[in-house]
Amino acid sequence: MKIAVVGTGYVGLVTGTCFAETGNTVTCVDIDKSKVEKLSNGQITIYEPGLEKLFLRNLRENRLKFTTYLAEGIADAKVIFLALPTPPGEDGFADLKYILGVADELGKILKDYKVIVDKSTVPVGTAEKVSAAIAKNCQCEFDVVSNPEFLREGVAVEDFMKPDRVVIGTESEKARKIMGDLYAPFVRQGNPVIYMDEKSAELTKYAANSFLATKISFMNEIARLCELLGADVDMVRRGIGSDDRIGKRFLFPGIGYGGSCFPKDVQALVKSASEVKYDFKILEAVMDVNEKQKVNLIPRIKKYFNSKLDGKKIALWGLAFKPNTDDIREAPALYLIEALVKEGASIAAFDPEAMKNVRELVGDKITYTENQYDALNNCDALIIATEWSEFRTPEFEKMSERMKAKVVFDGRNVFDLEQMKELGFYYESIGRKTIVP
Ligand SMILES: NC(=O)c1ccc[n+]([C@@H]2O[C@H](COP(=O)([O-])OP(=O)(O)OC[C@H]3O[C@@H](n4cnc5c(N)ncnc54)[C@H](O)[C@@H]3O)[C@@H](O)[C@H]2O)c1
């Protein structure tokens, strides 16, 4: 099948590449000229495990193309995916200007039947708005389908190639058949394709992300309670996670959820609810807990240093909002950097993939090191903000040699308490007792 993907960011590039991988011919469209140029020349623009190999193969085999011209990109396509940004507007509502802008343009250039698919995360009612924006200038037949994306950055290729489920919101039989054919290779193991109406599909995505964010904030509150009561959140997590109704996943406390999705999607759902005069109390609390959790380590670090952070050298391991990605949107590390630099501390940071993006954002406000150990040279404390695998079993001896003081504030609970005690570290983590040597 011939496909167009409009918006070639994290979702668009993975979507385009994976559809090409199953034999479709895909043209990705983006307004960012330098991005299109790089991609056309075989230079991948994001870090996503496993993506580059598929991207290069499909580029070589001419199943994957890139352009800045919408009309050229969609000319032969039967299905047009919109993988455009839906950032929060100033009022907290999802800003639909990118989606509706492209819908408006599409209306002017559609010549024959096409399925236009909202892959972006969009509020309930967006499919109708997209339809209206296209219909304004268009005489030909088309269908607008809601097909929210559930991939997780860091495992996006795997998630796309073998999705837990595919949600397709459409009431058109014709579009349903086309979408079913397109996704058939991805659900051969029997994972369900769930058909529903457009509005339910749109809400499914917000409900999923908001539920997951709720799980995280819930565990962060349990962690705080553990600290106050002297319990261990790791034990509580294992204790509750073994109940099938609760499940083991997504129960890890930390320094808050970040990324380009959870913060904006929870907020957007609360806003959507308010539009129909519904006060979504649980999600208000989820957001509130997360705001506090993002900077949870700051007062603890200040307390340790008697509020004298001026001149302290802090090592920071992890900048990405989670491991296996270079995405730093709403990354808790950024909030830590801002707060610590304001207090006069200097920061030496290491992240396996995200340093380039942070450098572009904060420049020389902090220093960047070539490896995780160089960040530790002469430092007064280490903060762990992202649980990259390589931080889990480091060479502790090397750490001890490099650090001025063996002090660790771990926002991701990557180390074992007993081990830290044996190694003589001062070690504060989330929801567990503090190890004092
Ligand atoms: N990132 C994720 O993990 C994830 C997962 C599921 C759903 N989503 C949703 O998918 C959507 C896209 O997210 P993303 O992370 O890929 O965003 P992104 O910012 O990485 O990519 C968006 C791309 O769209 C391009 N663009 C903007 N305006 C355009 C236009 N008029 N024409 C063509 N291209 C244009 C930008 O240049 C950018 O390359 C959002 O709604 C997001 O909520 C994201």
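It should be noted that the structure appears before, not after, this text.
1. Some thoughts on the side chain of Lys 215
Item 1. Locating Lys 215 in the fold gives a position in helix H9 (residues 198-229).
Item 2. Among buried charged residues, Lys 215 stands out as having no salt bridge; its nearest opposite-charge side chain is Asp 243, 11 Å away.
Item 3. In this structure the side chain of Lys 215 is engaged in a polar contact, spanning 3.3 Å, whose partner is the backbone oxygen of Ile 246.
Item 4. Each residue touching Lys 215, except ones within four places of it in the same chain, is listed here: Ile 246, Gly 247, Arg 249, Phe 250 and Leu 251.

2. What to know about empty space enclosed by the protein
Item 1. Overall, the coordinates contain one cavity of 30 Å³ or more when judged by the stated rule.
Item 2. Roughly 40 Å³ of internal volume is contained in the largest cavity.
Item 3. For the lining of the largest cavity, the per-class residue count stands at two nonpolar, four polar and three charged.

3. Describing the sheet that holds strand E10 (residues 346-350)
Item 1. Across the sheet, six strands lie side by side as E11-E10-E9-E12-E13-E14; this open sheet has parallel pairing. At either end of the open sheet lies a strand with only one pairing partner, and these are strand E11 (367-368) and strand E14 (426-428).
Item 2. Of the pairings in the sheet, the one linking E10 to E11 comprises two bridges and is parallel in character. Looking across to E11, one finds that Ala 349 is bridged to Tyr 368.
Item 3. Its contacts with the sheet put helix H13 (residues 297-304) on strand E12 (381-384), strand E13 (407-410) and E14, and the angle it makes with E13 is roughly 165°.

4. Some thoughts on the packing of aromatic side chains
Item 1. Following the criterion strictly, the structure yields 21 aromatic pairs and no others.
Item 2. Both rings, one in Phe 19 and one in Phe 186, keep their centres 5.5 Å apart while their planes meet at 90°; by these two values the pair is edge-to-face. Taken together, the positions of Phe 19 in helix H1 (residues 10-21) and Phe 186 in the loop between helix H8 (173-183) and strand E8 (193-196) put the pair 167 residues apart, joining distant regions of the chain. You'll find Phe 19 and Phe 186 in the same group, each marked buried.
Item 3. Centre to centre, the rings of Tyr 304 and Phe 305 are 4.9 Å apart; their planes meet at 85°, and the pair counts as edge-to-face.
Item 4. The exposure class assigned to Tyr 304 is partly exposed, which follows from its relative accessible area of 32%.
Item 5. Counting every residue linked through ring pairs, the aromatic cluster contains Phe 19, Phe 81, Phe 160, Tyr 183 and Phe 186.
Item 6. The ring centre of Phe 150 lies 3.6 Å from the NZ or CZ of Arg 165, which sits over that ring.
Item 7. Looking at Arg 176, its charged tip hangs above the ring of Tyr 195, at a distance of 3.9 Å from the centre.

5. Concerning the site of the ligand
Item 1. Around the ligand, 27 residues are found, and the nearest of them are Asp 30, Lys 35, Thr 86, Glu 153 and Lys 264.
Item 2. One of the side-chain nitrogen or oxygen atoms of Asp 30 is found 2.6 Å away from an oxygen atom of the ligand.
Item 3. At 3.5 Å from an oxygen atom of the ligand is found a main-chain nitrogen or oxygen belonging to Leu 84.
Item 4. When contributions to the shell around the ligand are tallied by element, the ones reaching two or more residues are H1 and helix H5 (97-109).
Item 5. For the shell around the ligand, a count of residues per class yields twelve nonpolar, seven polar and eight charged.

Calculation rules
Residue indices begin from 1 for each chain and proceed along its sequence in written order. Selection of residues for local features in this predicted model requires a pLDDT of at least 70, selection of side-chain atom pairs for listing and counting requires 80 or more, and totals for whole chains, interfaces and linings are taken over all residues. To obtain the side-chain values, all non-hydrogen atoms of the structure were used and water was disregarded. A run of H or I in DSSP counts as a helix once it spans at least four residues, and a run of E counts as a strand once it spans at least two, with each numbered from the N terminus. Note on classification: 1.4 Å probe, protein chains only; a residue is buried when its accessible area is under 20% of the maximum for its type, exposed when over 50%, partly exposed between these limits. Charged residues are defined here as Lys and Arg on the positive side and Asp and Glu on the negative side; His and the ends of the chain fall outside this count. Criterion for a salt bridge: a side-chain nitrogen of Lys or Arg within 4 Å of a carboxyl oxygen of Asp or Glu. Pairs of N or O atoms are called polar contacts if they sit within 3.5 Å, as long as, within protein, a hydrogen donor faces a hydrogen acceptor (for residues adjacent in sequence, only side-chain-to-side-chain pairs). Note on definitions: a residue-residue contact is assigned when non-hydrogen atoms from the two residues lie within 4.5 Å. The method works on a 1 Å grid over the protein atoms by themselves. A cavity is a set of points holding a 1.4 Å probe that cannot get out, a pocket is an open set with protein on both sides within 12 Å along at least five of seven lines, and residues with an atom within 4 Å of a point line them. Grid points are joined across faces, edges and corners, and a volume is the space filled by probe spheres set on the points. Gly is placed with the polar residues, together with every amino acid not listed as nonpolar (Ala, Val, Leu, Ile, Met, Phe, Trp, Tyr, Cys and Pro) or charged (Asp, Glu, Lys and Arg). Note: two strands are recorded as paired if DSSP finds a minimum of 2 bridges between them. Whenever a helix is involved, its axis is fitted only over the stretch in contact; in every case the axis is a line through C-alpha atoms, and angles between N-to-C directions fall within 0 to 180 degrees. Each pair of aromatic rings taken from Phe, Tyr and Trp, with Trp reduced to its six-membered ring, is defined by centres within 6.5 Å and is described as stacked if the planes are under 30 degrees apart, edge-to-face if over 60, and tilted in the remaining cases. The rule is short: NZ of Lys or CZ of Arg within 6 Å of the ring centre and within 35 degrees of the ring normal puts a charge over the ring. By convention in these notes, a residue is near a molecule or strand provided one of its non-hydrogen atoms lies within 4 Å of it.

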